[in-house]
Number of protein chains: 2
Amino acid sequence: MSRLPEPGRARDLAAVAAAAYGAPAAVNVVPAPGTQILLPRIASLVPPGRAFVLGPTYQEHARAAAIAGHEVAEVRSFERLAEADLAVLVNPNNPDGRVVSRVQLLELAAKQRAKGGLLVVDEAFMDVGPRSESLAGDVDLGGIVVLRSFGKFFGLAGIRLGFAIAHASVAERLEEELGPWSVAVPALEYGIKALSDVAWQAEMRETLAKAAGRLDQAFARAGVVTTGGTSLFRHVDIHDAADLFRALGRQGILVRSFADRPTQLRCGVPGTEVEWRRLDVALGDWAQDRRPG
Amino acid sequence: MSRLPEPGRARDLAAVAAAAYGAPAAVNVVPAPGTQILLPRIASLVPPGRAFVLGPTYQEHARAAAIAGHEVAEVRSFERLAEADLAVLVNPNNPDGRVVSRVQLLELAAKQRAKGGLLVVDEAFMDVGPRSESLAGDVDLGGIVVLRSFGKFFGLAGIRLGFAIAHASVAERLEEELGPWSVAVPALEYGIKALSDVAWQAEMRETLAKAAGRLDQAFARAGVVTTGGTSLFRHVDIHDAADLFRALGRQGILVRSFADRPTQLRCGVPGTEVEWRRLDVALGDWAQDRRPG
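Read on for a plain summary of the structure. (Residues numbered from 1 in each chain as written. Chains lettered and ligands numbered in written order. Predicted model: local features only at pLDDT ≥ 70, side-chain atom pairs only at ≥ 80, totals over all residues. Heavy atoms only, no water.)

### Looking at the overall build of chain A
Phase 1 of the analysis: A tally of helices and strands in chain A yields 10 helices and 11 strands.
Phase 2 of the analysis: Against the 2.2 N^0.38 benchmark of 19 Å for 293 residues, chain A shows a C-alpha radius of gyration of 20 Å, consistent with a compact globule.
Phase 3 of the analysis: The C-alpha extent of chain A, read off along each of the three principal axes, is 60 × 45 × 30 Å.
Phase 4 of the analysis: A buried classification covers 52% of the 293 residues belonging to chain A.
Phase 5 of the analysis: Within chain A, contacts between residues at least 6 apart in sequence are counted, and of these 68% link residues at least 24 apart.
Phase 6 of the analysis: Accessible surface computed for chain A: about 12400 Å², of which carbon and sulfur atoms make up 53%.
Phase 7 of the analysis: Each charge sign in chain A was given a centre, from 33 positive and 34 negative side chains, and these centres are 3 Å apart. (Helix = DSSP H or I, 4+ residues; strand = E, 2+ residues; numbered from the N terminus. Rg over C-alpha atoms; globule rule 2.2 N^0.38 Å. Buried < 20%, exposed > 50% of the residue type's maximum accessible area, 1.4 Å probe, protein only. Contact = heavy atoms within 4.5 Å. Areas by Shrake-Rupley, 256 points an atom, 1.4 Å probe, with all protein chains shown as cover. Lys, Arg positive; Asp, Glu negative; His and termini not counted. Charge placed at Lys NZ, Arg CZ, Asp CG, Glu CD.)

### Observations concerning the interface of chain A and chain B
Phase 1 of the analysis: The interface is formed by 32 residues belonging to chain A together with 32 residues belonging to chain B.
Phase 2 of the analysis: Regarding the contact of chain A and chain B, the summed buried area is about 2500 Å², with carbon and sulfur atoms giving 61% of it.
Phase 3 of the analysis: Our count for the chain A to chain B interface comes out at two salt bridges.
Phase 4 of the analysis: A salt bridge links Glu177 of chain B to Arg41 of chain A; the nearest nitrogen and oxygen atoms lie 3.0 Å apart.
Phase 5 of the analysis: When residues of the side of chain A that touches chain B are traced back to their parent elements, those giving at least two are helix H2 (39-43), helix H3 (60-67), helix H6 (168-178) and helix H7 (185-196) of chain A. (Buried area = accessible area lost by both parts, 1.4 Å probe. Salt bridge = Lys/Arg side-chain N within 4 Å of Asp/Glu carboxyl O.)

### A short note on the packing of helix H1 (residues 7-21) of chain B against helix H7 (residues 185-196) of chain B
Residues and elements named next belong to chain B.
Phase 1 of the analysis: Following both chains from N to C, one finds H1 and H7 inclined at 30°, their axes separated by 9 Å at the closest point. Classified by the interaxial angle, the pair formed by H1 and H7 is roughly parallel. Like other packed secondary-structure pairs, H1 and H7 cross with a definite hand, here left-handed. Packed against H1, whose contacting residues are Arg9, Ala10, Asp12, Leu13, Val16, Ala17, Ala20 and Tyr21, the element H7 presents Leu188, Glu189, Gly191, Ile192, Leu195 and Ser196 at the interface. (Axes fitted to C-alpha atoms, helices over the stretch in contact; angles between N-to-C directions. Parallel < 35°, antiparallel > 145°, perpendicular 65-115°, else oblique. Left-handed = near helix turned anticlockwise from the far one by under 90°.)

### Regarding the pairing of strand S2 (residues 50-54) of chain B
Residue and element names in this part refer to chain B.
Phase 1 of the analysis: Burial within S2 is extensive, with four of its five residues counted as buried.
Phase 2 of the analysis: Pairing analysis gives five bridges linking S2 to strand S3 (residues 71-75), with the strands arranged parallel. Across the sheet, residue Arg50 finds its bridge partner in S3, namely Glu71.
Phase 3 of the analysis: Looking at chain direction, S2 and strand S4 (residues 86-90) are connected through three bridges and run parallel. Looking at the pairing, Val53 lines up with Val88 of S4. (Pairing = 2+ DSSP bridges.)

### Re the side chain of His70 of chain A
Residues and elements named next belong to chain A.
Phase 1 of the analysis: For His70, the location among the structural elements is in the loop between H3 and strand S3 (71-75).
Phase 2 of the analysis: Engagement of the side chain of His70 in a polar contact is seen with the backbone oxygen of Ala43, the distance being 2.6 Å.
Phase 3 of the analysis: Side-chain polar atoms of His70 contact the backbone nitrogen of Gly49, separated by 3.0 Å.
Phase 4 of the analysis: Every residue in contact with His70, bar those within four places of it in the chain, is listed here: Ala43, Val46, Pro47, Pro48, Gly49, Arg50, Ala51, Ala65 and Leu86. (Polar contact = N/O pair within 3.5 Å; in protein donor to acceptor, adjacent residues only side chain to side chain.)

### Some thoughts on the environment of Glu275 of chain B
Phase 1 of the analysis: Note that Glu275 of chain B resides in helix H10 (residues 273-289).
Phase 2 of the analysis: A relative accessible area of 37% places Glu275 of chain B in the partly exposed class.

### Some details on the relation of the copies chain A and chain B
Phase 1 of the analysis: Each copy of the sequence occupies a distinct position, and chain A is placed on chain B by a rotation of 180° and an axial shift of 0.1 Å, giving an RMSD of 0.1 Å. This pairing of chains is accounted for by a two-fold axis. Of every C-alpha in chain A, the one belonging to Pro33 of chain A sits nearest the axis of rotation, 3.6 Å from it. (Least-squares fit on C-alpha atoms with pLDDT ≥ 70 in both.)

### Overview of H3 of chain A
Residues and elements named next belong to chain A.
Phase 1 of the analysis: Among all positions in H3, only Glu60, His61, Ala64 and Ala65 are buried. Each buried residue of H3 lies within a common arc of 135° when the element is viewed along its axis, so the set occupies one face.
Phase 2 of the analysis: On the buried face of H3, the contacting elements are H2, strand S2 (50-54), S3, strand S4 (86-90), strand S5 (118-122) and strand S6 (144-149).
Phase 3 of the analysis: Note on H3: the residue one or two positions beyond its end, Gly69, has a positive phi of about 95°. (Arc of directions from axis to C-beta.)

### A few points about the sheet that holds strand S9 (residues 233-237) of chain A
Adjacent strands of a sheet pair through backbone hydrogen bonds, lying either parallel or antiparallel.
Residue and element names in this part refer to chain A.
Phase 1 of the analysis: Within the open sheet, the four strands sit side by side as S8-S9-S11-S10. Their pairing is antiparallel. Every interior strand has two partners, whereas the edge strands, strand S8 (229-230) and strand S10 (256-257), have only one.
Phase 2 of the analysis: Summarising the sheet, S8 and S9 pair through two bridges and their orientation is antiparallel. Within S9, the position partnered with Thr230 by the bridge is Phe233.

### What to know about the packing of aromatic side chains
Each aromatic ring pair is summarised here by two numbers: the centre-to-centre distance and the angle between the ring planes.
Phase 1 of the analysis: Within this structure, the stated rule accounts for 12 aromatic pairs over all chains.
Phase 2 of the analysis: Relative to Trp200 of chain A, the ring of Phe154 of chain A has its centre 5.4 Å away and its plane inclined at 15°; by these criteria the two rings are stacked. Residue Phe154 of chain A is located in helix H5 (residues 151-154), and its partner Trp200 of chain A is located in helix H8 (residues 198-221); the two are separated by 46 residues in the primary sequence.
Phase 3 of the analysis: For Phe154 of chain A, a relative accessible area of 8% corresponds to the buried category.
Phase 4 of the analysis: Aromatic rings pair up to connect Phe150, Phe153, Phe154 and Trp200 of chain A into one cluster.
Phase 5 of the analysis: Above the ring of Trp276 of chain B, the side-chain terminus of Arg214 of chain B is found at 4.2 Å from the ring centroid.
Phase 6 of the analysis: Cation over ring: Arg266 of chain B sits above Phe233 of chain B, and NZ or CZ is 5.5 Å from the ring centre. (Phe/Tyr/Trp six-rings, centres within 6.5 Å; stacked < 30°, edge-to-face > 60°. Lys NZ or Arg CZ within 6 Å of the ring centre and 35° of its normal.)

### Remarks on the pairing of strand S9 (residues 233-237) of chain B
Residue and element names in this part refer to chain B.
Phase 1 of the analysis: Across the five residues of S9, four count as buried, placing the element largely inside the fold.
Phase 2 of the analysis: What sits between strand S8 (residues 229-230) and S9 in their antiparallel hairpin is a turn of two residues.
Phase 3 of the analysis: The pairing of S9 with strand S11 (residues 264-268) spans five bridges and is classified as antiparallel. Across the sheet, residue Phe233 finds its bridge partner in S11, namely Gly268.

### Digging into the environment of Gly249 of chain B
Residue and element names in this part refer to chain B.
Phase 1 of the analysis: For Gly249, the position within the fold is in helix H9 (residues 241-250).
Phase 2 of the analysis: In this structure Gly249 comes out as partly exposed when scored by relative accessible area, which is 42%.
Phase 3 of the analysis: Residues Gly249 and Val170, 79 residues apart in the sequence, show an inter-C-alpha distance of 44 Å.

### With respect to unusual backbone geometry
Phase 1 of the analysis: Asn91 of chain A connects to Pro92 of chain A through a cis peptide bond whose omega is -5°.
Phase 2 of the analysis: By the element assignment, Pro92 of chain A lies in the loop between S4 and helix H4 (102-114).
Phase 3 of the analysis: Here the amide bond leading from Asn94 of chain B into Pro95 of chain B is cis, since omega sits at 15°, within 30 degrees of zero.
Phase 4 of the analysis: Mapping Pro95 of chain B onto the fold places it in the loop between S4 and helix H4 (102-114).
Phase 5 of the analysis: At Arg160 of chain A, a residue that is not glycine, the phi angle is positive and equals roughly 60°.
Phase 6 of the analysis: For Arg160 of chain A, a relative accessible area of 9% gives the class buried.

Below, the structure is given as structure tokens:
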């Protein structure tokens, strides 16, 4: 790690990522130190105007659009996105797992393109989603930027690696802004290795799907029906979510709550059998004392 | 590395870096995945106008200023920088090691501040430079951004870590653009460890200074007087630089040449005794056949 990352190695990573994500070619793929750092740059691809983010979702998209000078609003219907200069959605969505179909997205992209707008699809969780709905293969049409995250699916969030997939002219512009060497050597090397290993990916998808099913069952035994999510997290919407949040917290189990949506929780998948057992016990204890809504 | 970098750890790193670089406080320090990625963002801190880069120097500053929409020119005299909205210099300079004094820089910074301009001082090599000339401690005055690179001095360019040091309000703005988690876990941890280790740094400065002296002697034995540089690289300006470049290249020794300055070379310090010996032999062979200029 004593030398700068080799630009050729970043090109190798782009090629491997293009194949893994179904992008047209390596020139469409921009490796970055996480997708986060790309958000304001992508939001700046269109002049300051109206940015709509399909919510509720990951908060950083609205923040990034505001940094880029847009007037930002969270909209609750997919159809309204077409009114914006910058339309952003997370697909599958975090935290509820909602999926918008590729057909619908292509229609929206055509509208954006026609008026010089942009559609940003954050596919951070598409590795465990319905990949046939990915827009990664369609970016050559223009007016589309797709984001893919490496760390979530591969369990290496700490190395910081993510990708923008876009028309080659847009990819080039984003690369110019990042400059050479934006991705560190560990991220380049882990990225190339992991994204090439299709067998490992298939196996991991199966493992995660099974774990997600097991998590749904754990909640079901406590009388809670999970309402969506992905294989990396499950979504819960119940009247006494705050009470469940506190009960799990007392047992040292942290789930995600949402200040503006007090009935919802997002729960990650336990990593070890000890953690599974602890969750089962905590959910069981809570269910025993639960008051009806 | 399965989890996102802890924001608290980035704050720890900012505090350690502030102490190491002599910045007023942690709030003045923005850790980033290399300084490169910061350049267009810093250039965007002033509205598009006139950017002057004191040259010849590292090319990326001019490129970044152009991305930010400035009309960019390379100027050859320090005094001319005051005419620009965005004034950029590398101090000590790469490749010739030229140092501009802190007193002169503070005068320039005052002029920039008075007209709403900005002075950017890239101190990528200040770890091996005259640290009393650093502007890191003066950023609270405003109108100044100092850049520090981690990888060069600490020999870890591959992990991607650099810092912007600026007035707290500017630091906050840059941090917002980078977003949370911009620095990877390995960079955070190496950075905190290495920047805290003042004894190691002092020792390394001495080691590098000795090695630079040895490199000057190696060139001197071949009849070449080095003309500046830093302890991390030496600068050569001779009529037959192109010939020396090729002679070293034939022996597998890569030095840096400059397309627009054919008489100049930049030579890094060899890392091992085998490399020293190879350089000595190659320089000796070249000197024997050298034609007078």
